[in-house]
Amino acid sequence: QVQLVESGGGLVQPGGSLSLSCAVSGSSGSSLSINTMAWYRQAPGKQRELVANILRGGTATYAASVTGRFAISRDNDKNTMYLQLNNLKAEDTAVYYCYANGVTGRGAGVVYWGRGTQVTVSS
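Bear in mind the structure is a predicted one, so any value in this text is a computation, not a measurement.

(A) Region of interest: the packing of aromatic side chains. Applying the stated criterion across every chain, the model contains 3 aromatic pairs. Ring geometry for Tyr-40 versus Tyr-99: centroids 5.8 Å apart, planes at 65 degrees, classification edge-to-face. Remark: Tyr-99 occurs in strand E9 (residues 94–103) and Tyr-40 occurs in strand E4 (residues 33–42); sequence separation between them is 59 residues. The cationic tip of Arg-48 hangs over the ring face of Tyr-97; the distance from NZ or CZ to the ring centre is 3.7 Å. The ring of Trp-113 has Arg-48 sitting right over it, with the charged end atom 4.8 Å from the ring centre.

(B) Quick look at the nonpolar core. Counting residues in each nonpolar core, the largest one holds 31 residues, and the members touching the most others are Met-37, Trp-39, Val-51, Phe-70, Met-81, Leu-83 and Tyr-96. Non-local contacts of Tyr-96, meaning those with residues more than four positions away in its chain, are made with Glu-6, Leu-20, Trp-39, Tyr-40, Arg-41, Val-51, Phe-70, Leu-83, Leu-85, Gly-116, Thr-117 and Val-119.

(C) Region of interest: the side chain of Thr-36. As for its position among the elements, Thr-36 is in strand E4. Beyond its immediate sequence surroundings of up to four residues, Thr-36 is in contact with Asn-53, Ile-54, Leu-55, Arg-74, Tyr-99, Ala-100 and Asn-101.

The rules behind the values
- Residues numbered from 1 in each chain as written.
- Predicted model: local features only at pLDDT ≥ 70, side-chain atom pairs only at ≥ 80, totals over all residues.
- Heavy atoms only, no water.
- Phe/Tyr/Trp six-rings, centres within 6.5 Å; stacked < 30°, edge-to-face > 60°.
- Helix = DSSP H or I, 4+ residues; strand = E, 2+ residues; numbered from the N terminus.
- Lys NZ or Arg CZ within 6 Å of the ring centre and 35° of its normal.
- Core = buried A, V, L, I, M, F, W, Y, C linked by side-chain atoms within 4.5 Å.
- Buried < 20%, exposed > 50% of the residue type's maximum accessible area, 1.4 Å probe, protein only.
- Contact = heavy atoms within 4.5 Å.

Here is the structure:
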């Protein structure tokens with residue numbers, strides 16, 4: 001069964017950096033093709049919001065609030081996506097979720113979500 005496995009996150013002081021990664025597990029030997037991958041986040045009492053997404057070809061887009069501070073990347077051979085978070089602010093505190101969509105070998109569209117990883121920015 002395909003799952004998104006997130007790692008990274010934790011507690012960091014304002015101005016610090018963190019790295020997140022998201023690996024697609026359970027897809028080896030299948031014909032699954034992962035297209036768009038993305039990071040979302042949800043702060044307490046707020047709706048889940050898009051942080052950044054990246055297409056299979058590498059084109060990336062960012063939320064205005066993180067542009068210039070966060071960098072998204074992916075390794076298609078490893079089916080893994082990364083998010084580098086720099087110059088972190090208290091308002092970046094949230095649970096960060098990995099997202100991926102793709103197409104199975106039978107042509108069915110699929111969407112996957114990770115379970116989330118906590119990022120806390122505090123002094």
